[in-house]
Each structure stands twice: as structure tokens, then as C-alpha cells.
Amino acid sequence: MIVASLMEIEGRVYPARRRTQNLVGGASPIQASSFALGVVTLEPDGGQVPWHNQEQEEVYFVIEGEGEMCLGDERRSLRTGEAVYIPSGVFHQLTNVGSTPMRMLYCYGPAGDVAHWRQELAGTLPRAGVEAPPLPAGARPQHTDPPADR
């Protein structure tokens, strides 16, 4: 039996002020070919999964907190207990708008790496309205700052 524990998975911290812990896929001891699953903690007041798209379809489920979800040309609030479906290829962004950490579960398939993780760490994430479509009107800005150690 293979078990992954959030208490033992350190995860990775990204420049957009979030920590991602892979439960299935990535650095997790559990690997699957059909999907990847993990927990993301967004720091208060602006922690973010920045504007990006990917080949995989995905679902975000808010475990706790409140955020602003942008999906294509739509923007709306998400809160504890809500899930959002993200179709393949559609640009999306999630920003913590609360004063406490926001935790969400992601599940995407098929399994595999997603380019925005590498791009964000390298400081090469496509910018909204420049190399990528613009964010919906009124959305929080996309975090594109390079890593602090650059």
C-alpha cells in the first residue's frame, strides 16, 4: 500500500505566494497516469495561482477561504465548499482575497507536469494581455514577478 501524507510532504513554494503539495503525481509517492491531485495553500491578501492554461482539464475545490476565480472571460468569487471546472486549454487564475490562508484541492487529468509551474519558477510566465489573453475586467492583476532569488 502506498500512502501520501500532507504532514510529510513539504511541497514547493512559488513566487505568486502559494505552496503546492502533490498528493498524487509530482514528488508524491503515489503516481497515477489518469490524474494528479494536490493541495494548494494561497497566502492571505493576494496569494495566487497566476493566469495560465494547460492541456489537462482540471477542478479546483475550495477547502477553506475565499478567492477570486477568473476563467476565460468570466470572474467570480469562490468560497469554502465550492468547486469549479476548468476545461482544457482555457486560461484561469485563482487569487486569495481573504485575510487568512486559502486552501484548495486541485485535480487534473491526464497526469503529468504542467508548464506554468516551471514558467513561474523561471520568471517566464506568459503575461496577461501581452503573451496571453487579457484577464477579465476588474480582476486582480496576474502575479508575474520573478523568483526572489533571481
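Residues numbered from 1 in each chain as written. Predicted model: local features only at pLDDT ≥ 70, side-chain atom pairs only at ≥ 80, totals over all residues. Heavy atoms only, no water.

Time to look at the overall build of the protein. Each helix and strand counted, the protein has one helix and 10 strands in total. In the protein, buried positions account for 41% of the 150 residues. (Helix = DSSP H or I, 4+ residues; strand = E, 2+ residues; numbered from the N terminus. Buried < 20%, exposed > 50% of the residue type's maximum accessible area, 1.4 Å probe, protein only.)

The next point concerns the pairing of strand β10 (residues 102-109). The pairing of strand β3 (residues 36-42) with β10 spans seven bridges and is classified as antiparallel. Across the sheet, A36 pairs through a bridge with Y108, a residue of β10. Of the strand pairs in this sheet, strand β5 (residues 57-64) and β10 are connected by seven bridges, and their pairing is antiparallel. Its bridge partner lying in β10, V59 is registered against C107. (Pairing = 2+ DSSP bridges.)

What follows covers the nonpolar core. Judged by nonpolar contacts, the single largest core of 19 residues is most densely connected at V49, Y60, M69, L94, M104 and Y106. Counting only elements with at least two residues in this core, the list comes to β3, β5, β6 (66-71), β8 (83-86) and β10. Considering every element that reaches this core, the biggest residue donor is β10, with four residues. When residues no more than four places from it in sequence are discounted, the contact partners of L94 are L42, G47, Q48, V49, Y60, G67, E68, M69, L78, M102 and M104. Formed by six residues, the second largest nonpolar core is a distinct cluster that contains W51, F91, A132 and L135. (Core = buried A, V, L, I, M, F, W, Y, C linked by side-chain atoms within 4.5 Å. Contact = heavy atoms within 4.5 Å.)

Strand order in the open sheet formed by six strands is β1-β2-β3-β10-β5-β8, with antiparallel pairing between adjacent strands. Edge positions in the open sheet fall to β1 (12-14) and β8, since each of these has one partner strand only. Strand after strand, the sheet turns through a mean of 25° between neighbouring axes, direction not considered. (Axes fitted to C-alpha atoms, helices over the stretch in contact; angles between N-to-C directions.)

Take the sheet that holds strand β4 (residues 48-52) next. Strand order in the open sheet made by the four strands is β4-β9-β6-β7, with antiparallel pairing throughout. Across the chains shown, the open sheet's two edge strands, defined by having one partner strand only, are β4 and β7 (74-79). Across this sheet, the average inter-strand angle for adjacent strands is 20°, counted without regard to direction. Note: β6 against strand β9 (residues 92-96), five bridges, orientation antiparallel. Bridging across to β9, L71 finds its partner in H92.

As a further point, take the pattern of salt bridges. Under the counting rule described, the total for this entry stands at seven salt bridges. Salt-bridge contacts for E64 lead to R103; the nearest nitrogen and oxygen are separated by 3.8 Å. Of the two residues, E64 is situated in strand β5 and R103 in strand β10; the sequence distance between them amounts to 39 residues. What makes E64 partly exposed here is its relative accessible area of 36%. The salt bridge partner of D113 is R118, with a shortest N-O separation of 2.4 Å. Taking relative accessible area as the criterion, R118 reaches 48% and is therefore assigned partly exposed. (Salt bridge = Lys/Arg side-chain N within 4 Å of Asp/Glu carboxyl O.)

Before going further, it helps to examine the packing of aromatic side chains. One pass over the full model with this rule turns up four aromatic pairs. An aromatic cluster is present here, built from Y106, Y108 and W117 joined pairwise through their rings. In this structure, R18 is placed above the aromatic ring of Y14, and the distance from its NZ or CZ to the ring centre is 4.3 Å. (Phe/Tyr/Trp six-rings, centres within 6.5 Å; stacked < 30°, edge-to-face > 60°. Lys NZ or Arg CZ within 6 Å of the ring centre and 35° of its normal.)

This paragraph deals with the environment of F91. Mapped onto the elements, F91 comes out in the loop between β8 and β9. Through-space distance from the C-alpha of F91 to that of A132 is 8.3 Å; in sequence the pair is 41 residues apart. Sequence-distant contacts of F91, that is, excluding residues within four places in its chain, are made with W51, H52, N53, C70, L71, G72, A132 and P133.

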